[in-house]
Amino acid sequence: MFVPVLGPLYARLTPMAEAMLRVLAGLLLVVHGTGKIVDPFAMVAMVEGLGFHPGEFWSPLLAVTEFFGGILIALGLFTRPAAFAGAIVLAVTAYFHGMVMDEGLTGMEKSLLWMMILLFFAVRGTTAYGIDRRLNRQF
């Protein structure tokens, strides 16, 4: 460390910073999935356009993954599987914007950033401030 005296401060703040990132990512997924959960079949044509057939299966699964997965991530409950599922959705979103919509990196960047945040929690699991950790259970 360039400033060794800050080491204890960083060590103390890291669990809170991770928890804040996890909660924010989860809540933003909930917001993003709210419209989809209200009408879970609204995205049938879009998912079929990406090659996911039948759309009647994939569209509600997308809605559930974003809305309920976001709630689970925010709570820190079943964090790893919920974050992994969300990361898969965001990988498809990155492909959609970057390749299908031909928006390149500009269109993909938010999805890639979100995907990496969720992959971090898929690997890391819940921090000290999540339900999984309080129950002393991690996937």
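Here goes a summary of the coordinates provided. Just so you know, the residues in each chain are numbered from 1, in the order the chain's sequence is written. Under the rules for a predicted model, residues below a pLDDT of 70 receive no local features and side-chain atom pairs below 80 are neither given nor counted, while totals for whole chains, interfaces and linings still include all residues. With hydrogens and water stripped out, all remaining heavy atoms of the structure feed into the side-chain values.

## Examining the layout of surface pockets
Just so we agree on the cut-off: Buriedness of a pocket was judged along seven lines, with at least five required to meet protein on both sides within 12 Å; pockets are open sets of points on a 1 Å grid over the protein atoms alone, cavities are sets where a 1.4 Å probe fits but cannot get out, and lining residues have an atom within 4 Å of a point. Grid points are joined across faces, edges and corners, and a volume is the space filled by probe spheres set on the points. Secondary structure is summarised from DSSP: a helix means a run of H or I of at least four residues, a strand means a run of E of at least two, and numbering begins at the N terminus for each. Lys, Arg, Asp and Glu make up the charged group, whereas Ala, Val, Leu, Ile, Met, Phe, Trp, Tyr, Cys and Pro make up the nonpolar group; the residues left over, Gly among them, are polar.
Estimates place the volume of the largest pocket at around 730 Å³. It is helix α4 (residues 79-100) that contributes the most residues to the lining of the largest pocket, 9 residues altogether. For the lining of the largest pocket, the class distribution of residues is 18 nonpolar, 7 polar and 3 charged.

## A short note on the packing of α4 against helix α5 (residues 104-124)
Threshold: Lines fitted to C-alpha atoms define the axes here, with helix axes fitted over just the stretch in contact, and angles between the N-to-C directions of these axes take values from 0 to 180 degrees. In these notes the angle categories are as follows: under 35 degrees is roughly parallel, over 145 is roughly antiparallel, 65 to 115 is roughly perpendicular, and the rest is oblique. Here is the rule for handedness: rotate from the far helix to the near one, and if that takes an anticlockwise turn smaller than a right angle the crossing is left-handed, while a clockwise turn gives right-handed.
Interhelical geometry of α4 versus α5 gives an angle of 165 degrees and a closest axis separation of 8 Å. One way to sum up the angle between α4 and α5 is to call them roughly antiparallel. The crossing of α4 and α5 is left-handed. A per-class count over the contact of α4 with α5 returns 15 nonpolar, 8 polar and 2 charged.

## Details of the pattern of salt bridges
Let me state the cut-off plainly: The salt bridge definition used is simple: a Lys or Arg side-chain nitrogen within 4 Å of an Asp or Glu carboxyl oxygen. For the exposure calls, accessible area comes from a 1.4 Å probe over protein chains only, and a residue counts as buried if that area is under 20% of its type's maximum, exposed if over 50%, partly exposed in between.
Within this structure, the stated rule accounts for 2 salt bridges. Note that glutamate 18 is salt-bridged to arginine 124, the shortest N-O span being 3.0 Å. Separated by 106 residues along the polypeptide, glutamate 18 in helix α1 (residues 7-38) and arginine 124 in helix α5 bring together distant segments of the chain. Residue class for arginine 124 comes out partly exposed when judged on its relative accessible area of 34%.

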